[in-house]
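Reading the structure
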2 protein chains.
Amino acid sequence: MINFTVGPVQSSDAVRAIGAEQVPYFRTPEFSEVMLENERLVLSFAQAPAGSRAVFLTGSGTAAMEAAVMNLLTQADKAIVINGGSFGHRFAELLGIHRIPYDEIRLEPGRTLRPGQLDSYAGKGYTSLLVNVGETSTGVLYDMGMIAGFCRREGMFLIADAISTFLADEFDMAALGAGAMLTGSQKALACPPGVSVVALSPEGVARAMSAPRKCMYLDLRDALVNGERGQTPFTPAVGTLRQINTRLREIEAAGGAPSERARIAAIAADFRSKIKELPFAIFSDRLSNAVTPLRPLTAPAYDIFTTLKDEYGIWVCPNGGELRDTVFRVGHIGALTTADNDALIAAFNDMRRRGLI
Amino acid sequence: MINFTVGPVQSSDAVRAIGAEQVPYFRTPEFSEVMLENERLVLSFAQAPAGSRAVFLTGSGTAAMEAAVMNLLTQADKAIVINGGSFGHRFAELLGIHRIPYDEIRLEPGRTLRPGQLDSYAGKGYTSLLVNVGETSTGVLYDMGMIAGFCRREGMFLIADAISTFLADEFDMAALGAGAMLTGSQKALACPPGVSVVALSPEGVARAMSAPRKCMYLDLRDALVNGERGQTPFTPAVGTLRQINTRLREIEAAGGAPSERARIAAIAADFRSKIKELPFAIFSDRLSNAVTPLRPLTAPAYDIFTTLKDEYGIWVCPNGGELRDTVFRVGHIGALTTADNDALIAAFNDMRRRGLI
């Protein structure tokens, strides 16, 4: 199978080789070194300001989203959520569960946030803004410069969910003044799923260290304190963390985050240039390099996913909910090449010959 | 390295081979089948009663412990915790964080619960009991028949953390009348860490389905509802779940839980018979087959761990906290053989010759 989903994605041979090894015992100085290097490289690739910290949670991206909401905000906050799809909606749900006052800016699926839409929220006592840098469900990449400028002017704490965009799109945590950045192991980090990452600016660290303890498993203070010596409060996904280490070092050796971003951008551009003759429309505004959201003009989207899976050995990423029959997505993260793009285009052309699209 | 810790433990070749494969996309009928089979086999091996369910959380064992506390108990409950070490203490901490009234029965490290110790708690309105079937920190295996009998007479809901004893020691969920059983991927399941399991009796399912939603990530109702179709609310550790599937099928093919338990018991008995001449005392009462807790008579326990790691290529399991210099543990779960035991005994004998123990 060739995997064009947005997670889990294809891993490099070196990462897969680690997956075949026995998982080592981890309460050791040797594993602490791996973890401290993981933290250093993630902060470096995120361009985090001096004094930042990163912790690794054994959990899905949602674990990181919920840990951010529970540990970085309190009922004294008043938040804005940019809700342009399932993951924006998830932030709103999390704020509701944890009783943190919020308002949401709802966007039509596939539409980005435009400058005027924030203006009416200025000067109204909002203390925090939560945004998915890329709304994975539709591939929209928000204008983080604009959003961060608003937060800076308003003195707001910015929580940036970069789960699917970290390493795929530009993200300069220091320049944006973001307080938290989230990501996951199975996106552009191209490792198996099961680990999520919370990077915190000094202000984010201060918020986490003073938060009341609402949940043991998602407690960021405990993670930060244990992380000082390269350890975790609970048995982590040791194997995946070793794979993340291999991958971070691979990226560093190949030129760091800018090189990886350029590589993904080139794969995305190649794909987008090759679909011009196919009966698909680009669904969204302002695309992330991570994924291309397509609206098929001649067939239901979910049927295309199923046919590619069952008859061509290719996974694209289906949508759920209201967009199930309208949109499917083609990911560009992970170990993919332009030859893989060609295989997908050939499958589309064959489906067209067969009258399936 | 030979790994005698109690997690992560050594995996079989078949499990490691899955670790080397690309992780597949998971919102598919193919992955749902894997998950439904995982649920069926875990429930069968736990001897769960008809109508039971099992869910797989992407997280450490503590995630399962906290999910049980948050979803199966409310402030209307009044719980007893058997606290005989770090994991019993963790249950008490979790009940405190979530404001569930409780009392704890504290035991000296290494001591089991004796019948008279429960008697004074009878008829006092307790509604639930939480116990680690095996207290992993000291290797004590509690008398679950006695505890379950007390719970049955008192009409109490029994939460059994079998994280390190599942498949290593007898556990008959139906006969015990347990409402919940917890386990983790990296113990006798002998897969990489990162997945924990919550098995629920019909009463446990009913409690979870009616619980208020306190946490999205650890919400058992959401997991149960998604699990009906073999799916999870969030991207799970797909690779580890496929390894669990391989491992559960291996165990089934080799005769099921009784055969695996007999295999582990034989490894434990072999080790225990071979240490009689060494300067170690067994630290605890009523041992689990999963692990042998040893009190060295002639050297600090942590030094023995370090020497075995650095000079013999062997991991045993160190203790933390107050027992750091007093106790180390030798695990018997995972892909170990009596030849591995012999290698460890040879290392001990060499250390004795060198005057290190």
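Let me sum up the structure you'll find in this document. (Residues numbered from 1 in each chain as written. Chains lettered and ligands numbered in written order. Predicted model: local features only at pLDDT ≥ 70, side-chain atom pairs only at ≥ 80, totals over all residues. Heavy atoms only, no water.)

1. Quick notes on the sheet that holds strand S14 (residues 317-318) of chain B
Quick reminder of the rule: What makes two strands pair is DSSP finding at least two bridges between them. Strands are runs of DSSP state E lasting at least two residues, helices are runs of H or I lasting at least four, and both sets are numbered from the N terminus onward.
The strand order S11-S12-S15-S14 (chain B) describes an open sheet built from four strands, whose pairing is antiparallel. Only two strands of the sheet have a single neighbouring strand rather than two, namely strand S11 (280-282) and S14 of chain B.

2. Examining the relation of the copies chain B and chain A
The test is simple: The superposition of copies rests on a least-squares fit of C-alpha positions from residues with pLDDT of 70 or more in both. Contacts are residue-level and defined by heavy atoms, with any inter-residue pair within 4.5 Å sufficient.
Overlay of chain B on chain A (RMSD 0.0 Å): rotation 180°, translation along the axis 0.0 Å. On this basis, the relationship between the two copies can be described by a two-fold rotation axis. Interface overlap between copies is the fraction of interface residues in one copy that are interface residues in the other; for chain B against chain A it reaches 100%, indicating a shared surface.

3. Side note on the nonpolar core
Applicable threshold: Only buried Ala, Val, Leu, Ile, Met, Phe, Trp, Tyr and Cys residues count toward a nonpolar core, and they belong to the same one when joined by side-chain atoms within 4.5 Å. Partly exposed describes any residue whose relative accessible area lies between the buried limit of under 20% and the exposed limit of over 50%, with all areas from a 1.4 Å probe on protein chains only and scaled to the type maximum.
Within the largest apolar cluster, 186 residues are counted, with the highest numbers of intra-cluster contacts made by Leu129, Ile147 and Phe348 of chain A together with Leu129, Ile147 and Phe348 of chain B. Listed in part, the 72 residues of the second largest apolar core include Ala67 and Val69 of chain A together with Leu94 and Ala208 of chain B.

4. Details of helix H3 (residues 61-72) of chain A
The cut-off we apply is this: Helix span, expected: 1.5 Å multiplied by one less than the number of residues in the helix.
Given a rise of 1.5 Å per residue, 12 residues ought to cover 16 Å, and the 16 Å separating the end C-alpha atoms of H3 of chain A matches this to within 8%. Counting buried residues in H3 of chain A gives 12 out of 12 residues, a clear majority hidden from the surface.

5. Things to note about the sheet that holds strand S8 (residues 157-161) of chain A
Paired through their backbone hydrogen bonds, the strands of a sheet run either parallel or antiparallel. Residues and elements named next belong to chain A. Filter applied, for reference: Orientation is described by lines fitted to C-alpha atoms, with helices fitted over the stretch in contact, and by angles between N-to-C directions that extend from 0 to 180 degrees.
What the seven strands build is an open sheet, ordered S2-S10-S9-S8-S5-S3-S4; its pairing is mixed. Where the open sheet ends on each side, the last strands, each with one partner, are strand S2 (53-58) and strand S4 (102-106). Averaged over all pairs of adjacent strands, the angle between their axes in this sheet comes to 15°, without regard to strand direction. In the sheet, strand S5 (residues 128-132) pairs with S8 via five bridges, with the strands oriented parallel. Note on S8: the bridge partner recorded for Leu130 is Ile159.

6. Describing the pairing of S4 of chain A
All names here are of chain A. Basically, it comes down to this: When the strands point away from the viewer, a crossover counts as right-handed if the route from the first strand across the helix to the second turns clockwise.
Of the pairings in the sheet, the one linking strand S3 (residues 79-83) to S4 comprises five bridges and is parallel in character. Residue Ile82 lies in a different strand from S4, and its bridge partner there is Ile105. Crossover handedness for the path S3 to helix H4 (residues 86-97) to S4: right-handed.

7. With respect to the packing of helix H3 (residues 61-72) of chain B against helix H4 (residues 86-97) of chain B
Residues and elements named next belong to chain B. The condition that has to hold: Throughout this description, any angle smaller than 35 degrees is read as roughly parallel, any larger than 145 degrees as roughly antiparallel, any in the 65 to 115 degree range as roughly perpendicular, and the remainder as oblique. Helix crossings are classified by the rotation of the near helix relative to the far one: an anticlockwise turn of less than a right angle makes the crossing left-handed, while a clockwise turn makes it right-handed. Classification used: nonpolar for Ala, Val, Leu, Ile, Met, Phe, Trp, Tyr, Cys and Pro, charged for Asp, Glu, Lys and Arg, polar for all others including Gly.
Following both chains from N to C, one finds H3 and H4 inclined at 40°, their axes separated by 10 Å at the closest point. Comparing their axes, H4 and H3 come out oblique. Taken as a pair, H3 and H4 cross one another with a handedness that is right-handed. Mapping the contact onto sequence places Thr62, Met65, Glu66 and Val69 in H3 and Phe87, Arg90, Phe91, Leu94 and Leu95 in H4. Counted by class, the contact of H3 with H4 contains six nonpolar, one polar and two charged residues.

8. Observations concerning the interface of chain B and chain A
Rules: By convention, the term buried area covers the 1.4 Å-probe accessible surface removed from two parts as they join, with the contributions of both added. Between Lys or Arg on one side and Asp or Glu on the other, a salt bridge is scored when a side-chain nitrogen of the former is within 4 Å of a carboxyl oxygen of the latter. We call two N or O atoms a polar contact when they sit within 3.5 Å, provided that within protein one can donate a hydrogen and the other can accept it, with sequence-adjacent residues counted only if both atoms are side-chain atoms.
Counting residues at the interface gives 54 residues for chain B, matched by 54 residues for chain A. Note on chain B versus chain A: buried area summed over both sides is about 4100 Å², and carbon and sulfur give 61% of it. Summed over the shared surface of chain B and chain A, the result is four salt bridges. Here Glu30 of chain A makes a salt bridge to Lys309 of chain B, at a shortest N to O gap of 2.9 Å. Between chain B and chain A we count 16 residue pairs in polar contact (both at pLDDT 80 or more) in total. Going through the elements one at a time, helix H1 (13-19), helix H2 (29-45), H3, H4, helix H12 (301-312) and S14 of chain B are the ones with two or more residues in the side of chain B that touches chain A. Taken together, the residues of the side of chain B that touches chain A sort by class into 27 nonpolar, 16 polar and 11 charged.

9. A few points about the environment of Arg90 of chain A
Structurally, Arg90 of chain A can be placed in helix H4. We classify Arg90 of chain A as buried; its relative accessible area is 17%. Separated by 224 residues in sequence, Arg90 of chain A and Ile314 of chain A place their C-alpha atoms 29 Å apart. Sequence-distant contacts of Arg90 of chain A, defined by excluding residues within four places in its chain, comprise Thr62 and Met65 of chain A together with Met216, Pro233 and Phe234 of chain B.

10. Describing the packing of aromatic side chains
Defined as follows: A pair of Phe, Tyr and Trp rings is counted when the ring centres sit within 6.5 Å of each other, with Trp represented by its six-membered ring. The angle between the planes then sorts it: under 30 degrees is stacked, over 60 is edge-to-face, the rest tilted. Whether a charge sits over a ring depends on NZ of Lys or CZ of Arg being within 6 Å of the ring centre and within 35 degrees of the ring normal.
This structure, assessed with the given rule, holds 18 aromatic pairs over all chains. A network of ring pairs unites the aromatic residues Tyr25, Phe26 and Phe31 of chain A together with Tyr302 and Phe305 of chain B as a single cluster. The aromatic ring of Phe157 of chain A is capped on one face by Arg207 of chain A, whose charged end is 4.4 Å from the ring centroid.

11. Describing the pattern of salt bridges
Here the structure, examined in full by the defined rule, presents 48 salt bridges over all chains. Of the charged contacts in the structure, one is a salt bridge between Arg53 of chain A and Glu39 of chain A, with a shortest N-O distance of 2.7 Å. Pair noted here: Arg53 of chain A is in strand S2 and Glu39 of chain A is in helix H2 (residues 29-45), with a separation of 14 residues, a long-range link. When sorted by exposure, Arg53 of chain A lands in the same class as Glu39 of chain A, which is buried. A salt bridge links Arg207 of chain A to Glu203 of chain A; the shortest N-O distance between them is 3.8 Å. Of the two residues, Arg207 of chain A and Glu203 of chain A both sit in helix H8 (residues 202-209), four residues apart, roughly one turn of that helix. When its relative accessible area of 21% is taken as the criterion, Arg207 of chain A is described as partly exposed. With relative accessibility at 45%, the residue Glu203 of chain A sits in the partly exposed group. What emerges from the salt-bridge pattern is a single network uniting Glu93 of chain A together with Arg213, Asp219 and Asp222 of chain B.

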